[in-house]
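Coordinates in review
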Amino acid sequence: ITPREYPHVLATGGLTDPRVTYWEPAKWVAKLRKTRTDGGMSLCKINMGAGHAGKSGRFDRLEEVALVYAFMLMVFEKL
């Protein structure tokens, strides 16, 4: 991460993810917040009950999709 402008970021992770440990997106977003030169959003959401593929279950998965859609609407100022 270098000092420059970045797009808005929503980084997600799961507490029980064996491939990407939960602190990796958290540390990445912290460094991005410190380094970026613009006023863009750098958000991090760690799901305490999910692994690498996100929440399991049909309706639980839809909650994660809704979060991403809400973030996109917020970024494009439609919310």
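Just so it is clear, the structure is predicted and the values come from calculations on it, not from any experiment. (Residues numbered from 1 in each chain as written. Predicted model: local features only at pLDDT ≥ 70, side-chain atom pairs only at ≥ 80, totals over all residues. Heavy atoms only, no water.)

Within the chain, the secondary structure is distributed over 2 helices and 2 strands. Listing every helix and strand of the chain by position from the N terminus yields β-α-β-α. Relative to its 79 residues, the chain shows a buried fraction of 23%. Taking the contacts inside the chain whose residues are at least 6 apart along the sequence as the reference set, 65% of them involve residues at least 24 apart. If you sum the accessible surface of the chain, you get close to 5800 Å²; carbon and sulfur atoms cover 60% of it. (Helix = DSSP H or I, 4+ residues; strand = E, 2+ residues; numbered from the N terminus. Buried < 20%, exposed > 50% of the residue type's maximum accessible area, 1.4 Å probe, protein only. Contact = heavy atoms within 4.5 Å. Areas by Shrake-Rupley, 256 points an atom, 1.4 Å probe, with all protein chains shown as cover.)

Right, let's get into the pairing of strand S1 (residues 9-14). By the bridge criterion, 6 bridges tie S1 to strand S2 (residues 42-47) in an arrangement that is parallel. Bridging from a neighbouring strand, Leu10 pairs with Leu43 of S2. (Pairing = 2+ DSSP bridges.)

All chains considered together, the criterion is met by 1 salt bridge. One salt bridge connects Arg36 with Asp38, and the closest N-O pair in it is separated by 2.7 Å. Note on Asp38: relative accessible area 24%, which makes it partly exposed. (Salt bridge = Lys/Arg side-chain N within 4 Å of Asp/Glu carboxyl O.)

What follows covers a nonpolar patch on the surface. A surface patch of nonpolar side chains, about 420 Å² in accessible area, is lined by Leu15, Tyr22, Trp23 and Met48. Considering the arrangement of structural elements, one finds Leu15 in the loop between S1 and helix H1 (23-35). (Patch = residues over 30% accessible without salt bridge, like charges linked within 9 Å, V, L, I, M, F, W, Y side chains within 5 Å.)

Confidence in the prediction for the chain averages 86 pLDDT; 87% of positions are at 70 or higher. Predicted confidence in the chain is weakest over helix H2 (residues 58-75), with a mean pLDDT of 88, and strongest over H1, with 94. (pLDDT = per-residue confidence, 0-100.)

Following the sequence through the fold, Glu64 ends up in helix H2. A polar side-chain atom of Glu64 sits 3.0 Å from a polar atom in the side chain of Asn47. (Polar contact = N/O pair within 3.5 Å; in protein donor to acceptor, adjacent residues only side chain to side chain.)

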